[in-house]
Amino acid sequence: MIRNLNRICQLDPKATLKVFFWEILHSIFVAAPSGIVLIIVWELFSEHPNTTKIWTVVGVMAVMLVLQFFIAAKSMVQTNIWVYGLSTKLRITLGNRLRKFSLGYFKQKNPGEVAAIVLQDVANFEGIFGHSVGNLAAAVFGTTVLSVFLVIYDWRLALCLLAALPITYLFLLAANYLVSRLGNKQIAARNTVGANFLEYVQGIRHLKSYALIGKKHTGLEQTLKDLCQKSIRMEAVPGPFIVTAFIVFEITFLAMVALGLYYLNGNLITIPVLISFLILGYHLYHPLKVVMVDYLSLRYMNESLKRIIEMLDAPAMASGTAKLPEKFDICFKDVSFGYLNKPTVQNLSFHIPEKSMLALVGHSGSGKSTIAALIARFWDVNSGKIEIGGVPIKDIPQEQFYQLISEVFQDVYLFDDSIYNNIKIGNPEATESEIIDAAEKAQVLSFAWELPKGLHARVGEGGNKLSGGQKQRISIARALLKDAPIVLLDEATASLDPENEIFIQQAIQELVKSKTVVVIAHKLATIMRADNILVLENGEIAERGTHAQLLNKNGIYRKMWDIQQQSNGWKV
Ligand code: ADP
Ligand code: MG
């Protein structure tokens, strides 16, 4: 746990040291008055009690109490500033890290789980550690200060009291083991709830339309009940061990009292020593008890820390230091790739000359979108090499790599912001007139002007206030503004009504002017003019050539073409 905490605190070591300084100072000030009381006891029992001395000591105590108040306030504020600052830093670090992962990471973890780590696990850290850091300091330093006082007075009685420590430690170890086991189960249940709830909310429209609300709800209800059960177990099962550890403290205290009385009888100690032990002995373990109550939550927090650190350490996509290419032809050299180890595309070798257009066709599931995703480096290839302008894309620094590529996909994601800002994402430095120009060319203005706020109308979460075609036009405007030398079009016009399709064809014509283009289209008529066409089957290149060459081959392409020509005549 200490290693994990240390790892997190390294995000801001200076502030951490400062907080520890104030918390330790505070705990010493809290413990010191009990020590000073002893001086009074001793003076009272001395042969000639010195009243001036006693009053001076009382004065010192009063001053210390005032100081303690200020130190407490200071350390509390410091701790809060520190822990919230640290968790903000942690979330930003995690957020930045997420961008560097391959999409494979998000396949293994569902979105609910990723969100739970960044939100809930970090909240566990800030809530639990922020609350117990002061108690921890008091337990360690307060107890040490008092123990030193006690050992000086009488080491035998002190030893008797301190004997509780190793025994309680054993009970803590047992509790520790249980918390870590049950805590993991509870966290897993919590993630399932998160993921199910996310799915439930995102899919609520479809659930409604299929009248599944009740059924899907029972699934969610079950996971909630499961979470409830696991949470109770996590708290209840280790509890008795902690309570037993408390009792050990009481027992050693009683043993110390008995030993003290025995020594007193034998005149081995004086009355003030015994009184000192009765006062301090009871105070000695108070901070430890507080920490033991915190201990369970601290262990639970540690499970969160483990998951946070696992995310921090998850392998990011390699990012090289090569210069950006100056030419933008794309070359696949014997590329193979599979999602989660299942081969999806195999032994692909082809070359797309700069500023030419390559079309990918093939049945659905043949690997077309996968090739586009590999060019965009959403995934890394398993073997072989992809080069742009002769530079392996693995060697290009990630942040710069994405400048090279614009994508327009069938499903467009828009941020819950204005149309204007959604276009601006293409190039955050663009001027207003450049943005309006892109909106004009991508046929965004032709629908935006009807909206009450025009380009500044909000699009809703994921763009849900707009039609598919309108979202598509915004994403093309975004790509136009980005003006990247390589353009990937994946079924950009597949699900559009004819009117939108015409608009979007025009917008795309603007976008692909003098670019290296990879286009995936279902309707072969739209890619007839491509410079080169690859026909994919089961992840391999079955045929290649121009439209005319492929028609003459009388192969798969010819068959697909004929079928589409026939179906053009269909009417419902
Ligand atoms: P196409 O675009 O030609 O329809 P894809 O490239 O999308 O085909 O998919 C090729 C194969 O890879 C399909 O069998 C599909 O099920 C699988 N696949 C696609 N995307 C993923 C993914 N993210 N995770 C796992 N398998 C995937
Ligand atoms: Mg596809």
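Up top is the structure.
So, here is what we can say about the structure in this document. What you are looking at is a predicted structure, and each value in this text was computed from that prediction instead of being measured. (Residues numbered from 1 in each chain as written. Chains lettered and ligands numbered in written order. Predicted model: local features only at pLDDT ≥ 70, side-chain atom pairs only at ≥ 80, totals over all residues. Heavy atoms only, no water.)

### Observations concerning the overall build of the protein
Here is step 1 of the chain: Counting secondary structure elements, the protein contains 21 helices and ten strands.
Here is step 2 of the chain: What you see for the protein is a C-alpha radius of gyration of 35 Å, clearly larger than the 25 Å of a compact globule of 572 residues, by over 25%.
Here is step 3 of the chain: Projected onto the principal axes, the alpha-carbon positions of the protein cover approximately 120 × 50 × 45 Å.
Here is step 4 of the chain: Put simply, the protein has 572 residues, and 46% of those count as buried.
Here is step 5 of the chain: When the accessible surface of the protein is totalled, it reaches about 29800 Å², and 61% of it is carbon and sulfur.
Here is step 6 of the chain: Side chains of the protein give 55 positive and 48 negative charges; the mean places of these two sets differ by 3 Å. (Helix = DSSP H or I, 4+ residues; strand = E, 2+ residues; numbered from the N terminus. Rg over C-alpha atoms; globule rule 2.2 N^0.38 Å. Buried < 20%, exposed > 50% of the residue type's maximum accessible area, 1.4 Å probe, protein only. Areas by Shrake-Rupley, 256 points an atom, 1.4 Å probe, with all protein chains shown as cover. Lys, Arg positive; Asp, Glu negative; His and termini not counted. Charge placed at Lys NZ, Arg CZ, Asp CG, Glu CD.)

### Section: the pattern of salt bridges
Here is step 1 of the chain: Counted by the stated rule, this structure contains 17 salt bridges.
Here is step 2 of the chain: In this structure, the salt-bridge partner of D121 is R190, at a minimum N-O distance of 3.1 Å. Taken as a pair, D121 in helix α5 (residues 111-153) and R190 in helix α7 (residues 164-202) lie far apart in primary sequence, 69 residues in all. Across the pair, exposure class does not vary: D121 and R190 are buried alike.
Here is step 3 of the chain: Between K513 and E510 there is a salt bridge, with its nearest N and O atoms 3.3 Å apart.
Here is step 4 of the chain: Three or more residues are tied together by salt bridges with common partners; here these are D121, R190 and R307. (Salt bridge = Lys/Arg side-chain N within 4 Å of Asp/Glu carboxyl O.)

### A closer look at the environment of W55
Here is step 1 of the chain: Along the chain, W55 turns up in helix α3 (residues 51-100).
Here is step 2 of the chain: Look at W55 and you get exposed, because its relative accessible area is 60%.
Here is step 3 of the chain: A C-alpha to C-alpha distance of 66 Å links W55 and K100, two positions 45 residues apart in sequence.

### A short note on the site of ligand 1
Here is step 1 of the chain: Not every one of the twelve residues close to ligand 1 is listed here, only the nearest: G365, G367, K368, S369 and T370.
Here is step 2 of the chain: Between ligand 1 and S369 there is a distance of 2.7 Å, counted from an oxygen atom to a side-chain nitrogen or oxygen.
Here is step 3 of the chain: Expressed as a share of its isolated accessible area of 560 Å², the protein-covered part of ligand 1 is 65%.
Here is step 4 of the chain: Per element, the largest residue contribution to the shell around ligand 1 is three residues, and it comes from helix α13 (residues 368-375).
Here is step 5 of the chain: Split into classes, the residues belonging to the shell around ligand 1 amount to two nonpolar, eight polar and two charged. (Near = heavy atom within 4 Å. Polar contact = N/O pair within 3.5 Å; in protein donor to acceptor, adjacent residues only side chain to side chain. Nonpolar A, V, L, I, M, F, W, Y, C, P; charged D, E, K, R; others polar.)

### Re the packing of aromatic side chains
Here is step 1 of the chain: For the structure shown, the criterion picks out 15 aromatic pairs.
Here is step 2 of the chain: Taken together, a centroid distance of 5.4 Å and an interplanar angle of 70° make the contact between F69 and F70 edge-to-face. Residue F69 shares its accessibility class with F70, and that shared class is exposed.
Here is step 3 of the chain: In this structure an aromatic cluster arises from ring pairing among F20, W82, F125 and F129.
Here is step 4 of the chain: Seen from the ring of Y263, R156 lies directly overhead, with NZ or CZ sitting 4.5 Å from the centre.
Here is step 5 of the chain: The side chain of K289 reaches across the aromatic face of F246, ending 5.9 Å from its centre. (Phe/Tyr/Trp six-rings, centres within 6.5 Å; stacked < 30°, edge-to-face > 60°. Lys NZ or Arg CZ within 6 Å of the ring centre and 35° of its normal.)

Keep in mind that these numbers describe shape and distance, not what the molecule does.
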